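Chain residues, written in single-letter form:
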Amino acid sequence: MRFWFRENPGDGLPQRHGVRCLVRADRPKERNLHYQYHDGLLEHASLDAAARGAVLTFLLYAVFDRPQARVSLRFDGIYNFAAVQAYFAKVLSDADPEADDCLDRCDALHWDTKRPALARSLHVFLRLAHYGSLRIHCEAVTETEM
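Residues numbered from 1 in each chain as written. Predicted model: local features only at pLDDT ≥ 70, side-chain atom pairs only at ≥ 80, totals over all residues. Heavy atoms only, no water.

Asker: Requested: an account of helix α1 (residues 81-94), with residues and values cited.
Answerer: Here α1 contains 14 residues, and its C-alpha end-to-end distance of 20 Å stays within 8% of the 20 Å for a straight helix at 1.5 Å per residue. Here α1 has its buried residues at F81, V84, Y87, F88 and V91. The buried residues of α1 occupy an angular sector of 130 degrees when projected down its axis, which confines them to one face. Among the exposed residues of α1, those oriented more than 90 degrees off its buried face are A82, A86 and S93. Tucked into the core, α1 has its buried residues touching β5 (41-48), β6 (53-59), β9 (122-128) and β10 (132-138). (Helix = DSSP H or I, 4+ residues; strand = E, 2+ residues; numbered from the N terminus. Expected span 1.5 Å × (residues − 1). Buried < 20%, exposed > 50% of the residue type's maximum accessible area, 1.4 Å probe, protein only. Arc of directions from axis to C-beta. Contact = heavy atoms within 4.5 Å.)

The structure is reproduced here in structure tokens:
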């Protein structure tokens, strides 16, 4: 496996916060999520068992995203829906709508670097502060600023 540094800012390769990224040479078109979710607050999570889909709403951390944005992240065609459903059942069961303004803080949300991203087979890594990590294997991911 070869690595190389990104040279041209306009070449469409991943770049984080104006710093060149180390990119795998065998996957030069690998993309990043548009927003920085680290330390963002998970405000809402909804699951659709019939469509094997999920929608997560985050209030992003103001240091990474100025002004502070609210982003909806939609996962369609989740292959490991049972695992995703079990994970979020715990998150939602612990939620107190009268006392909490969010479900949890996001420690990490990014493409899973240990699994290749292929057409209609995407792997996303999610880690919430109090619930551990989850790998979501799905057909499509859509980010929408609200």
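Asker: Describe in detail the side chain of Q36, supporting the description with residues and values.
Answerer: Tracing the chain through its elements places Q36 in the loop between β4 (22-24) and β5. Classification of Q36 as buried rests on a relative accessible area of 18%. A polar contact is formed between the side chain of Q36 and the backbone nitrogen of H38, at a distance of 3.3 Å. (Polar contact = N/O pair within 3.5 Å; in protein donor to acceptor, adjacent residues only side chain to side chain.)

Asker: Which residues make up the pairing of β10, and what values do they have?
Answerer: Pairing geometry for β9 and β10, over seven bridges, is antiparallel. Across the sheet, L122 pairs through a bridge with C138, a residue of β10. (Pairing = 2+ DSSP bridges.)

Asker: An account of unusual backbone geometry is requested, with residue identities and associated values reported.
Answerer: Non-glycine residue D39 carries a positive phi angle of around 65 degrees. Structurally, the position occupied by D39 is in the loop between β4 and β5. For D39, a relative accessible area of 22% corresponds to the partly exposed category. Despite not being glycine, R52 has its phi angle at roughly 50 degrees, a positive value. Counting through the fold element by element, R52 comes out in the loop between β5 and β6.

Shape is all these values report; function is a separate question.
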